[in-house]
Amino acid sequence: MSASTESDKRKVTVQTFQKMKERGEKISMLTAYDYTMASILDQAGLDAILVGDSASNVMAGNKTTLPLTLDEIIFYGKSVVNGVKRALVVVDMPFGTCSGNPNKSLKSAIRIMKETGADSLKIEGGEEIAADMQKIINAGIPVMGHLGLMPQSINKYGGYGVRAKADAEAEKLKKDALLLQELGCYSITLEKIPASLAQEVATTLHVPVIGIGAGAGADGQVLVVHDMLGMNKGFNPRFVRQYADLHTVINSAVRQYVDDVKTSDFPNIQESY
Ligand code: KIV
């Protein structure tokens, strides 16, 4: 791991994101949903933590991100903020909380910012929700856009395949990315699109582009922490690099514990009062 310097210890802000893009320094981002994991990630020198609506999948066991509520993301967001000193904390706006009713969207955005203490929001969508985004940005809330595969639209796509392979969808994505930058988004996440398209968007935009399954040309990378730590046994898509096998580590630790309890090995004299 590259060591973090003294100056690296300063709180990461949306301005830091911009400066990192300008000096060509890649931005590291992972998801977290709880205090303990967030503090571990923060202490390891991660630049940004996303309280993703993937909490619906990895924390609650739902098949999609759609069931996650505003109250739930606020609970996760607050827990993460409590564990973070340095990283920029970004909270996802859940499905249905930013979709074509700017006043209602702003109300939801304000609730998340007030009740979690997060630094910014992430919102899925382009032109269709431009008015909502503008209203939120005008209220002084930093917004990260999210284009490409947008899991909140899974019922429209019918699957989690690579997006924007066809020219028409790629053209719309490029237009939407420029629009989001114009609206004032400080960064844009691009999910599961061809690497060449992500590289083109990252080169065109002056705000940082964060990729997930979008190749090496983005200005930064984000992964779901459970995936990169190997906690989801059966889930290993091509875009995830597994840095640990926590499923095996936890499984064998728990097996040992069960055995120790059953055989009365635990607790021993030193572990008793
Ligand atoms: O919710 C999430 O984890 C995300 C990432 C996949 C970018 O939005």
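Per chain, residues are indexed from 1 in the order of the written sequence. Where local features are concerned, this predicted model is filtered to residues with pLDDT of at least 70; where side-chain atom pairs are given and counted, the filter is 80 or more; whole-chain, interface and lining totals use all residues. By convention in this description, side-chain values take in all heavy atoms of the structure and omit both hydrogens and water.

Trainee: Talk me through the sheet that holds strand 1 (residues 27–31); I want residue IDs and the actual numbers.
Mentor: Strands are treated as partners if at least two bridges between them are detected by DSSP. A helix here means a DSSP run of H or I that spans at least four residues, while a strand means a run of E at least two residues long, and both kinds are numbered starting from the N terminus. An order of 1-2-3-4-5-6-7-8 is seen for the eight strands of this closed barrel, with the pairing classed as parallel. Neighbour-to-neighbour, the strand axes of the sheet open up by a mean angle of 25 degrees, direction not taken into account. In terms of strand pairing, strand 7 (residues 209–212) meets strand 8 (residues 220–223) through two bridges, oriented parallel. Across the sheet, the residue bridging to Ile 210 is Gly 220, located in strand 8. Where helices are involved, their axes are fitted lines through C-alpha atoms of the stretch in contact, as for all axes, and angles between N-to-C directions lie from 0 to 180°.

Trainee: How would you sum up the site of the ligand? Please name residues and give values.
Mentor: Each residue is tested against the molecule or strand, and it is near if at least one of its non-hydrogen atoms lies within 4 Å. In the neighbourhood of the ligand, the contacting residues comprise Thr 31, Leu 50, Gly 52, Asp 53, Ser 54, Asp 92, Lys 122, His 146, Glu 191, Ile 212, Val 222 and Val 224. Contacts described as polar in this section are N or O atom pairs within 3.5 Å, which, within protein, must combine one atom able to donate a hydrogen with one able to accept it, while residues neighboring in sequence count only if both atoms come from side chains. Ser 54 places a side-chain nitrogen or oxygen 2.5 Å from an oxygen atom of the ligand. Side-chain polar atom of Lys 122 to an oxygen atom of the ligand: 2.8 Å apart, as the coordinates give it. Residue-level accessible areas treat just the shown protein chains as cover; the underlying method is Shrake-Rupley with a 1.4 Å probe. Expressed as a share of its isolated accessible area of 260 Å², the protein-covered part of the ligand is 95%. Grid points spaced at 1 Å over the protein atoms alone were grouped into cavities, where a 1.4 Å probe fits but cannot get out, and pockets, open sets with protein on both sides within 12 Å along at least five of seven lines, with lining residues defined by an atom within 4 Å of a point. In this scheme, a molecule is assigned to a cavity or pocket if more than half of its atoms are within 2 Å of the grid points. If you map the ligand onto the pockets, it falls in the second largest pocket. In this classification, Asp, Glu, Lys and Arg are treated as charged, Ala, Val, Leu, Ile, Met, Phe, Trp, Tyr, Cys and Pro as nonpolar, and every other residue, Gly included, as polar. Across the shell around the ligand, the residue classes tally to four nonpolar, four polar and four charged.

Trainee: A description of helix 2 (residues 35–43) should follow, citing residues and the corresponding values.
Mentor: For every residue, the accessible area obtained with a 1.4 Å probe (protein chains only) is divided by the maximum for its type, and the residue is called buried under 20%, exposed over 50%, and partly exposed between those limits. The set of residues buried in helix 2 consists of Met 37, Ala 38, Ser 39, Leu 41 and Asp 42. Buried residues belonging to helix 2 abut strand 1, strand 2 (48–51), helix 4 (70–83) and helix 10 (225–228). Two or three places before Thr 36, at the start of helix 2, stands the capping residue Asp 34, its side-chain oxygen 3.1 Å from that residue's backbone nitrogen. Looking one or two places after helix 2, you find Gly 45, whose phi comes out positive at around 95 degrees. The criterion used for residue contact is that any of the two residues' heavy atoms lie within 4.5 Å.

Trainee: Go over the packing of helix 8 (residues 167–183) against helix 9 (residues 195–204), please, and point to the residues and values.
Mentor: Across the interface, helix 8 lies against helix 9 with an axial gap of 11 Å and an inter-helix angle of 25 degrees. Classified by the angle their axes make, helix 8 and helix 9 are roughly parallel. Helix-helix and strand crossings are classified by hand; for helix 8 and helix 9 the assignment is right-handed. On helix 9, the residues touching Ala 170, Leu 173, Lys 174, Ala 177 and Leu 178 of helix 8 are Leu 197, Glu 200, Val 201 and Thr 204. Here the contact of helix 8 with helix 9 is built from residues that sort into six nonpolar, one polar and two charged. What sets the label is the angle itself: under 35 degrees gives roughly parallel, over 145 gives roughly antiparallel, 65 to 115 gives roughly perpendicular, and the rest give oblique. In this scheme the handedness of a crossing depends on how the near helix is turned from the far one: anticlockwise by less than a right angle means left-handed, clockwise means right-handed.

Trainee: Tell me about the UniProt feature "binding site: Mg(2+)" (unreviewed entry) in the protein, and please be specific about residues and values.
Mentor: UniProt positions are given in the numbering used here, feature names are shortened, and annotations may be inferred rather than shown by experiment. Listed under "binding site: Mg(2+)" (unreviewed entry) in the UniProt record, and renumbered for this structure, are Asp 53, Asp 92 and Glu 124. A compact arrangement is adopted by the annotated residues: their sequence extent is 72 residues, whereas the largest C-alpha distance between any two is 10.6 Å. Checking the annotated residues one by one, the ones that line the second largest pocket turn out to be Asp 53, Asp 92 and Glu 124. With respect to the helices and strands, Asp 92 occurs in strand 3 (residues 88–92). Not counting the four nearest positions on each side in its chain, Asp 92 is found in contact with Leu 50, Val 51, Gly 52, Asp 53, Ile 73, Ile 112 and Lys 122. In this structure the side chain of Asp 92 is engaged in a polar contact, spanning 2.7 Å, whose partner is the backbone nitrogen of Asp 53. Tracing the backbone through its elements, the reader meets Glu 124 in strand 4 (residues 120–124).

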